[in-house]
Amino acid sequence: MEFVIPLSADDLFVHNEDHFCVETVLQSVAENALIKVIDGVANRLKKHQCIQIEEHENFDPLFNMICKFGQLPVQVLEKVHETLKQGLSNMIKTCSDLLKDGTASNDDLNRHKNALRMYVYLVHLFATHATKGTGKKTKKKKEKKGEETTTNGKWETDAHKEEVLSIMLHALEIDLPKLWKANLPEEAFINLFSSTTYLFLEDPIASRNKALKRCASLVLAILCKRYNQSSNITEGVINLLVKYEHLTIPVAEFLEVMVKEYNNASIIGDVMREIGRMNPSESRDASGTKHISAFLGEIAERLPKQVQQNISNLLPHLDAESYTMRKGIIEVLGFLIAKSFPEGSSEKEIELRDSLLDIMEERFRDVNAHTRSKVIQTWLYLYQSKAVPVSRVTKLTELTVGRLRDKTANVRKYAVQLITTLLQYNPYGPSLRLSETRKKLEAAVGEGGEDKESDDEEEQSQKEKSKKQENVKVLKFLTDMSNFIVQVQTAVPVACQLLGSKNGSDVLETIQFFVTARNFNVETAAEGIRKMLMLIWSKDATIKEAVIDAYYELYFNKEDPVRVALNLITLTIRATLGELTSLEELITEMQKKKAIPSSVVSTLWDIFAMKPKKQGGLEARGALIILGMLGNADPEVVKNKLNVLVQVGLGPRSKEDEYFVRYTCLALQKLAKTSSISKSETPNKKEKSKEKDKDKAPAQKQEYTRYKNDHPLFAKLAEVIKDKDTPHNKWFTGAEQAINTIYLLSENPDVLCAEIVREMGFSIFPSLKEKESDLSDVAKTSLGDLSKFFFAIGHVAIKQLVHIEEIQNELRRQRTARDKKNEKKKTAKNKKQSTIEQELGVQAAEENEVEVLKESAEKEVVAPGKTLLGIFGPVIAMVCANAGSHFSDHTLRTVAVLALCKYMCVSSEFCENHLQLLFTILQTAPESSVRANIVIAIGDLAFRFPNLIEPWTVSIYSTLKDQDNRVKKNALMVLAHLILNDMIKVKGQISELALCIEDPDRRISDLARLFFNELSQKGNAIYNILPDLISTLSTSDVSPAQFKSIMKYQFSFIDKDKQAEALVEKLCHRFSATKEESQWRNIAYCMSLLNLNDRAIRKLNELSKHYQDKLSDEEVLSHFVTVVTKGRKFAKADLKDVLNELEAKLNLAASGTLPEGQEISAAALVKKAKAAKSKSKPKKKAKAKSKKGYQDSESEEELESESSDSESEAEISPKTTKKSNSRVIESDSESSDDPMSEDEKPKKGKKSKAPAKKSTKAPAKPRKKAKSDSEDSENSESSEDEKPKKKSAPKKKPAPKKKVVSESESEESEESEESEKSNSME
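Residues numbered from 1 in each chain as written. Predicted model: local features only at pLDDT ≥ 70, side-chain atom pairs only at ≥ 80, totals over all residues. Heavy atoms only, no water.

### Brief notes about the overall build of the protein
A count of helical and extended segments in the protein gives 59 helices and 2 strands. Within the protein, the fraction of its 1322 residues that count as buried is 48%. In the protein, 74% of the contacts between residues at least 6 apart in sequence involve partners at least 24 apart. Counting every atom, the protein has about 67,900 Å² of accessible surface; 49% of that belongs to carbon and sulfur. (Helix = DSSP H or I, 4+ residues; strand = E, 2+ residues; numbered from the N terminus. Buried < 20%, exposed > 50% of the residue type's maximum accessible area, 1.4 Å probe, protein only. Contact = heavy atoms within 4.5 Å. Areas by Shrake-Rupley, 256 points an atom, 1.4 Å probe, with all protein chains shown as cover.)

In structure tokens form, the structure reads like this:
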């Protein structure tokens, strides 16, 4: 009876007289009985009896056991598998022998064909059950006693699957059409082979087996080649690719076998056509598109020629919505361009390559960032594969530079990598100096002109023709080279911005770009190298290490020490103070790593001493700066050459270069430091054990050696300070550092400086020798000498104060260390002794010694008429006041005011006596430098004497309105420092600081934002100042745009629900207290910025009587609409009722039907709102039409905003944000301003207390004592809350009817806002 392959295994249990069916059903699943049965079947099917599978006694047991696969023990399953494998192998051999004989009858052929069907079907059925389930669990004992493990009964291994596929491969290799009488086997029989292959490939682990993959590829290849299964196999592998990610490589290998071994390239076309017909947007699962995309890249890499012939089927996907598919097509194009067009290609192939390159260039502006990133990676691969023509390098560079401003970090990362690669493998040579290239280009153009004149001659030799052709090539080469260098230089400013990016990959890749550009002599790369130096302060260890490695490669990794020294000196030339400070940190890190050899240090000393005469003064100064920096890490560098430093740095050379003295003194000051190299060395085990045994005393400051006053060093420094020949404008910088050096290195600096001041005073005021207080001839003194003298005594006064404070600190430290040491060694006798010392007041005497020092600094340093410095205090004040108009010189006034400020910092008495003079100068001085210095000094005075400065707080705030940006910036920095350190209290003048947020100067604006950001971290500081801030800014001459910008920034710090609730109540009450429409709008705008919770929205609804008469203003109404719209985003069922009530009030107010001063119940409001809707029903179609047009236009705007978000070139500055298009509800109101996002959770904080008492008016005169922040805020709040409620404003004409958001429209606006947020955050 003929065996027909069933659609389902259960069909074989159904009785059928025409076809073979199963007659017996397996009842028992006992292991012994089953093994006995299977052994009997195996014996009957051995060798030539394999055809007996047609018998029910053989087929039925095997079929039944496979159907009960999950219930059988593993041993039984193994025997079933072995029986089927052996039977099918024998059957294949029998069929092969039968076909070779050629004498078989039709009955024999039919019997063998039937048996082969049965075997193949049973093997397929067994494989299907095996991949879906496992056998019965059994316990096996391990070798160790007492340990058992449970096996999962899983029989299928890679070896089993490989054996099955190998047998099936042999079955397909015999001449099956002969067995089927010159016909192809039926479709159902052939599908058993492909289905079994697919089953095995679906297993991710099995698909990694090379032998198994090879067998699977051969089975599928034979099915395609011999049995016309190309279309079915194509559909099957496409389905596999969509479902399983791991099959991209196996399927690509199968197609490679088809092309290379079976010479069947048509299947590539079939697969490409099927993929071309796919529509990824219709697929619910995006992972399938991802798998297809990966497969395309894999097959293009293996078979580029064949894919190229079918590329037209794939290109339409570049215009599809799926960015994943676009990524795959881009990768395909990359492999085709790199591998399909070898040298010597035909013109048609070159045209095709150029068209593909054009497509790649267009994709630089793909709307999706992932695709743009893939495009740049592909270009990177093409350039490294030398597949980009030289003629396209400049255009490619231009496109890549444009992507440096991309808003996506990954795109920027690969863009910088591509530019770096373009430099590394550029076709123009190792030197890319634009100036040199342009000179060569001009010379080549000149030669070309001469050749052009010779073209008119009738006879021209072949040599001249070749010369002309060569010159044309040179011109083309130099022109392309010049354009390429220009594009690279265009990238430098953008790359400098990337160095400040918050993204680490941006910074690291940009550092490598600048290193490469510097190695290729790009002239503008020096700018980036200098900016890169600032990253040495980065907290990211990776970035810091990258900077150190980059500078080591550029400047230190040279064999010649002279070259290394000159490289370091180059970094100091025209360097700013910040760059020099960063360079010092870099060299310190290098010195710690011992990356600077001693030969380089010796070379620097030689250049400083100008031993190589070819080096000039600029190089000598640079060497001096570097030596001082080296001394920062290892003071021995300076100490070993102290004599050279003093003789050269403070010798005749100091007259030629005014900065020589300054940097010499800075290098000398490194002697006061302790070596940091010794600290970096790790101690050995013995040293560690010794340290553990030591007493745990506090870390003591390592003392350095001070020098006696008769040391030659101090004589040279005194000469510098007393020098009269040096112009005063060049003298100040050296004299300041000379005084600093004296106080740092001298044993008795006060004695030394007193002598210097005395000699300078006697030379300027000769009358002092006769009468100490006679300074009447001050007006006759040289202004330059007087400026020097004032500068010297002012700086000596402040350094003397610092010196005394250091002595106090040292005494306290010594006493603390001694007390801790004695406390550990105390015995009963010592305790008694210490008690006696306490009774005698020994410790009190020591403390009194410190107080005496403090009092001496306060009363004796600048005491008028009593001390050397005090004598000149009145003279300084007289010059500052410009008595008799004799002292109008700008330099003299600047120095005198500076000296006055330093004197005031020393003595509180002197400060109190001259505060009026100082603030008068601050308000009247025409010189901006004088005002800027005074502002900084006021900060120091506020730290020293806060009670004296507190009454002048208003005057300090007034400097924020100064016309000079330098004065304004200094005032902002000083006030920020004082407020954040609680030295002055935040008062009503805080609005002046808030206005700085909108200052045109970017530095001032950034400083103001930074200040409020820091202030927000101090409890409820921002919350406390907001009421006063709103009130002050609303009544000042601030434009609405500025007010909104300032308030939006301030309200971003309100992240607590309690604060928002309290502000709702205060803002609602403030509506009643205001009369101006501009104030209503400002208050309503502030209300729209709050993130309101349930309680706050209910409170807003309850307090509607305070603002209901203000809703006639369109802008006020639009802000309340924004509040309702935002509230619906998180509204629960009970809150929706409140929002509906509030919305009804807004609707009635908008239509002008709400009586002024009258509050309507919620039920009446809802009833009126429904009545208004029912009246407008006849106009429903017109409204729908307008609404549809609105949505259509808006959808276009959303598409435009999406494309602009992805395609626009955003700046990398971390403070620059991009606004997304937001939906406006039938008005151009400011409701699109979005406050803090919902994802930001409120932080825990203390509950703000309600005000208790009414505030009292501040006195007109400045107070001596300041109230605390909480008192000020509470008073201001109570005064606002307790003001008498005023009557509502007179009734105005009703505004035109205005539709307020309904529930459906609010949901639409919610969806649009969410989509826009996701677009902007992509």
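### Considerations on the confidence of the model for the protein
Looking at the protein as a whole, the pLDDT averages 78, with 77% of positions reaching at least 70. Within the model, pLDDT remains below 50 along residues 137–155, and this stretch shows 26 contacts once partners closer than five positions in the same chain are excluded. Across residues 1172–1322, confidence stays below pLDDT 50; counting only partners more than four residues off in sequence or on other chains, it has 192 contacts. (pLDDT = per-residue confidence, 0-100.)

### Structural notes on the packing of helix α9 (residues 230–243) against helix α12 (residues 286–302)
The interhelical angle for the contact between α9 and α12, taken along N-to-C directions, is 115°, at an axis separation of 7 Å. The segment α9 lies against α12, with L241, V242 and K243 engaging G288, H291, I292 and F295. For the contact of α9 with α12, the class distribution of residues is 4 nonpolar, 2 polar and 1 charged. (Axes fitted to C-alpha atoms, helices over the stretch in contact; angles between N-to-C directions. Nonpolar A, V, L, I, M, F, W, Y, C, P; charged D, E, K, R; others polar.)

### Some words on the packing of aromatic side chains
All chains considered together, the criterion is met by 30 aromatic pairs. Aromatic side chains F335 and Y381 sit 5.4 Å apart centroid to centroid with 65° between the ring planes, which places their arrangement in the edge-to-face category. With F335 in helix α14 (residues 323–339) and Y381 in helix α16 (residues 369–384), this residue pair connects regions lying 46 residues apart in the sequence. Residue class for Y381 comes out partly exposed when judged on its relative accessible area of 29%. Between Y1107 and F1120, the aromatic rings sit 4.4 Å apart at their centres with planes inclined by 20°, giving stacked as the arrangement. Taken together, the residues span a long stretch of sequence, with Y1107 in the loop between α53 (1094–1102) and α54 (1114–1128) and F1120 in helix α54 at a distance of 13 residues. Y1107 sits in the buried class, given a relative accessible area of 1%. Members of the aromatic cluster, each reached through a chain of ring pairs, are F3, F13, F20, F59, F63 and Y121. (Phe/Tyr/Trp six-rings, centres within 6.5 Å; stacked < 30°, edge-to-face > 60°.)

### Re the nonpolar core
Counting residues in hydrophobic clusters, the biggest one holds 366 residues, and the most contacted among them are F790, F1012 and M1047. Considering every element that reaches this core, the biggest residue donor is helix α4 (residues 106–132), with 13 residues. (Core = buried A, V, L, I, M, F, W, Y, C linked by side-chain atoms within 4.5 Å.)

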